[in-house]
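Given next are the chains, with one letter for each unit.
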Amino acid sequence: MLFISALITLCPAILHAYSILKQTILVDVMFTGPAIHPLVIITSLIVLFTLLIARLLIITRNLKRLNNSLLNKDNYSQSLNEDLKKQIDFISKMHIESEIFYEMLLQSADDGISFYDSSWNLKYANKAFYSIIGFDKAEYVTLDPDNLIHPDDKDYHTKRIRALNETGYFESDLRLHHKKGHYIHLSTKSVLVKTAEGSVLGSLTISRDISVFKQTLNDLVKANEVAEASNKLKASFLANISHEIRTPLNSVVGFSNLLLADDVTKELREEYIEHINYNSEKLLQIIGDIIDLSRLESSQIEIRYEETSINSLIDEIALETSYVIKRNEKPILLNVRNSFRESGDFVFTDRIWLKRVLNHLLDNAVKFTLDGSIDLICALEEDLLTFTIKDTGIGINKENLTRIFEEFRQEVDGHQRPFEGLGVGLTLAKEVVERMGGKITVQSEKGMGSEFGFSLPYRPAGSIRLNIEKTGTGANHGGVKWDGKKCLLIDSNKDVLLYVKRILSDSGITVLTSRSGNEALQLIRFTPDISIVILDMQMPEIDGIAITREIRSIRADLPIIAHTAFIFEGDKDIIMEAGCDACLIKPIRRESLLSAMKTLLK
């Protein structure tokens, strides 16, 4: 097709050439000789052009192939360029996303992260760097960072620069001023940042807020110091216990042995007995203080309100304090000022604990007063019942006025202390007064005496009721006559049985004894005329509670007086709920026992 198209295209040219050749041949014939036929010439031309066209076709084909190849390569190049562009776009996107990712990581960190150049200019900091001290970036750039550093840490930058130059690493704590006004503790770590060639770009610092950790550490240190001090005080307390117990016990044992001598006169015997009684009471008070201390530490101090005569209580305490003054042979005058009238002195309070508090304060007044006077003042001020104990004793240093209410604390500790005592009386007094809704105070100067006072809410009582313990104190039961009555003593200790029998020997009552629960229950079953039972709560085989319940199942109306060494309030409640009619605390006192029996025997 291309050949025919080319031939048609060349026909005019061939005819034109043929016309020219014809004229030329005619001329040549005219001048040179015979002529060549024009068809031969045309044929030759056609062949020539055919070859030329074939050559052109080959060249055209080659050009077309080359063009197609170039087009393919161009398409490939375009595709390659598109792929490269996509890769460049992907890499650019990844780079941007990685920057965002790492920026997110840095910004989400709780620790402050900052970068300084080699001239110590801040080039980068995450949000935590500013928020740790309560500022934002806009506020921070207006501040002088050096003014935020604690005065004791002003050399922080100098130390950091020196350490980074020497070792490339620096670690230290730093205190910075917070926006709210307080200082925070930071743990900082700094490192040099270098290029691959080793040139320094700057330094990277990470700061962590350790304020809570520091506070916890300080609290632990203080707690440890308090624990160590407490251990020392307890060790001193235990040493004091040994001394305080052995001293009266030595008198009890010593004078008891002296009573065994054959040549002891009546006067000496009375003197020895008086020493034994006094030191026995002192020993009981020490044991009571130790038990009260255990109550205090286990939060078992309970306040029991009952109708109490303030006048009777004050008279009782004044009498006991006068005896202590006389026993210590001190020239001290006891002044009692009680503003209560006879008709209105009954209040609701815990009589036992109130008496213990007053006894502790008065005992201290007697102990630390060498001569002079002691004033016991009781008054009603508005809705408060106030008690004041003033003395002319040695007084207390002002720096010790607060610590004397702490456990085991005494103004002078150690073996050189000039006064006896366990150091728990004021602690117990303060705890009891506060649990009764009151407050205790102290005023004193060294060499000028002391004044202790406390106030309690005034709770007036409208009636007077008989209290076995009050009636028994100081009462005279020498004339009781219980002829025809029978009493059953139940106790595993033969010394107690002997002691109680001696107490009852002048009362006319018939005393039966039993050293076991089973034996006692048999006696009650087969001795219907038993009038009263005195029962020890600590018994072998069957305890006192179980014995009480068995007695109640046999004879519900038989009076039972319990006696026990357990003196916690809950123990007494259990004993009374089991069915006992009265409960006495060991050691059994003659007056208390006779008073309880007189109340229960018909």
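Fair warning: this is a prediction, and the values are worked out from it, not measured in the lab. (Residues numbered from 1 in each chain as written. Predicted model: local features only at pLDDT ≥ 70, side-chain atom pairs only at ≥ 80, totals over all residues. Heavy atoms only, no water.)

Draft legend 1. Up close: the sheet that holds strand E3 (residues 169-177). The five strands lie next to each other as E2-E1-E5-E4-E3, forming an open sheet whose pairing is antiparallel. On the outer flanks of this sheet lie strand E2 (122-125) and E3, each paired with one strand and no other. Averaged over neighbouring strand pairs, the angle between their axes works out to 25° when direction is ignored. The pairing of strand E1 (residues 112-117) with E2 spans three bridges and is antiparallel. Directly across from Ser 114, in E2, lies its bridge partner Ala 125. Docked against the sheet, helix H5 (residues 156-167) engages E1, E3, strand E4 (183-194) and strand E5 (200-209), running at close to 165° with respect to E3. (Pairing = 2+ DSSP bridges. Helix = DSSP H or I, 4+ residues; strand = E, 2+ residues; numbered from the N terminus. Axes fitted to C-alpha atoms, helices over the stretch in contact; angles between N-to-C directions. Contact = heavy atoms within 4.5 Å.)

Draft legend 2. Main features of unusual backbone geometry. The omega torsion of the bond from Lys 586 to Pro 587 falls at 0°, within 30 degrees of zero and hence cis. With respect to the helices and strands, the residue Pro 587 is situated in the loop between strand E17 (582-585) and helix H16 (590-600). For Trp 120, which is not a glycine, the phi torsion comes out positive at approximately 65°. Relative to the elements of secondary structure, Trp 120 occurs in the loop between E1 and E2. Positive phi, normally seen in glycine, also occurs at Glu 382, with a value near 55°. Mapped onto the fold, Glu 382 is located in the loop between strand E9 (372-381) and strand E10 (384-391).

Draft legend 3. View of a nonpolar patch on the surface. Side chains of Leu 52, Leu 56, Ile 59, Leu 63, Leu 66 and Leu 70 sit close together on the surface and give an oily, nonpolar patch of about 540 Å² of accessible area. Of the residues examined, Leu 66 reaches a relative accessible area of 47% and is grouped as partly exposed. (Patch = residues over 30% accessible without salt bridge, like charges linked within 9 Å, V, L, I, M, F, W, Y side chains within 5 Å. Areas by Shrake-Rupley, 256 points an atom, 1.4 Å probe, with all protein chains shown as cover. Salt bridge = Lys/Arg side-chain N within 4 Å of Asp/Glu carboxyl O. Buried < 20%, exposed > 50% of the residue type's maximum accessible area, 1.4 Å probe, protein only.)

Draft legend 4. Focus on the pairing of strand E11 (residues 439-444). Burial of the side chains of E11 is restricted to one face: Ile 440, Val 442 and Ser 444 are buried, whereas none of Lys 439, Thr 441 and Gln 443 on the reverse face is. Taken together, the six bridges between E11 and strand E12 (residues 450-457) define a ladder with antiparallel strand orientation. Pairing of Gln 443 across the sheet is with Glu 451, part of E12. Here E11 hands over to E12 after five residues, with Gly 447 in that stretch at a positive phi of 85°.

Draft legend 5. Examining helix H13 (residues 517-526) more closely. All of the buried residues along H13 are Gly 517, Ala 520, Leu 521 and Ile 524. Burial along H13 is one-sided: seen end-on, the buried residues are contained in an arc of 100°. The inward-facing, buried residues of H13 contact strand E13 (486-490), strand E14 (510-514), strand E15 (532-536) and helix H14 (544-554). Here H13 starts with a cap whose side-chain oxygen sits 3.3 Å from the backbone nitrogen of Glu 519, and that cap is Ser 516. (Arc of directions from axis to C-beta. Polar contact = N/O pair within 3.5 Å; in protein donor to acceptor, adjacent residues only side chain to side chain.)

Draft legend 6. Molecular detail of the pattern of salt bridges. Taken as a whole and judged by the stated rule, the model has 17 salt bridges. Salt-bridge contacts for Glu 320 lead to Lys 355; the nearest nitrogen and oxygen are separated by 3.0 Å. Of this pair, Glu 320 sits in helix H8 (residues 310-327) while Lys 355 sits in helix H9 (residues 351-367), and the two are 35 residues apart along the sequence. Glu 320 gets classed as partly exposed once you look at its relative accessible area, which sits at 30%. A relative accessible area of 16% places Lys 355 in the buried class. As a salt-bridge pair, Lys 586 and Asp 536 come within 3.3 Å of each other at their nearest N and O atoms. With Lys 586 in the loop between E17 and H16 and Asp 536 in strand E15, the pair connects residues that are 50 residues apart, well separated along the chain. Its relative accessible area of 31% is what places Lys 586 among the partly exposed residues. A cluster of three or more residues bridged by salt bridges with shared partners is formed by Glu 316, Glu 320, Arg 351 and Lys 355.

Draft legend 7. Structural view of the sheet that holds E17. The sheet built from five strands is open, its strands ordered E14-E13-E15-E16-E17 with parallel pairing. Sheet topology places E14 and E17 at the edges, where each strand pairs with a single neighbour. Here the average twist between neighbouring strands, direction ignored, is 20°. Relative to strand E16 (residues 560-564), E15 runs parallel, the two sharing four bridges. What sits directly across from Ile 534, in E16, is Ile 561. Sitting on the sheet, H13 touches E13, E14 and E15, and the angle it makes with E14 is about 140°.

Draft legend 8. Looking closely at the confidence of the model for the protein. Scored by pLDDT, the protein comes out at a mean of 80, with 81% of its residues at no less than 70. Contacts from residues 414-418, a stretch scored under 50 in pLDDT, to residues over four places away or in other chains number six contacts. (pLDDT = per-residue confidence, 0-100.)

Draft legend 9. Structural context of the pairing of E1. Most of E1 is tucked away: five of the six residues are buried. Taken together, the six bridges between E1 and E5 define a ladder with antiparallel strand orientation. Across the sheet, residue Asp 117 finds its bridge partner in E5, namely Gly 202. Counting the residues in the hairpin turn of E1 and E2 gives four residues, including Trp 120, whose phi is positive at 65°.

Draft legend 10. Just the nonpolar core, in detail. Ranked by size, the top nonpolar core spans 43 residues in total, and within it Ile 310, Leu 358, Phe 387 and Phe 454 carry the most contacts. Elements with a minimum of two residues in this core: H8, strand E7 (332-338), H9, E9, E10, helix H10 (425-435), E11 and E12. The dominant element in this core, judged by the number of residues it contributes, is H9, at eight residues. With residues near it in sequence (within four places) discarded, Leu 358 still touches Ile 314, Ile 317, Leu 376, Phe 387, Ile 389 and Phe 454. (Core = buried A, V, L, I, M, F, W, Y, C linked by side-chain atoms within 4.5 Å.)

Draft legend 11. Region of interest: the packing of H13 against H14. It is the contact of H13 with H14, at a shortest axis distance of 10 Å, that shows an interaxial angle of 15°. Of the possible angle classes, the one that applies to H13 and H14 is roughly parallel. Here H13 runs over H14; the crossing is right-handed. On H14, the residues that touch Gly 517, Leu 521, Ile 524 and Arg 525 of H13 are Ile 547, Glu 550, Ile 551 and Ile 554. (Parallel < 35°, antiparallel > 145°, perpendicular 65-115°, else oblique. Left-handed = near helix turned anticlockwise from the far one by under 90°.)

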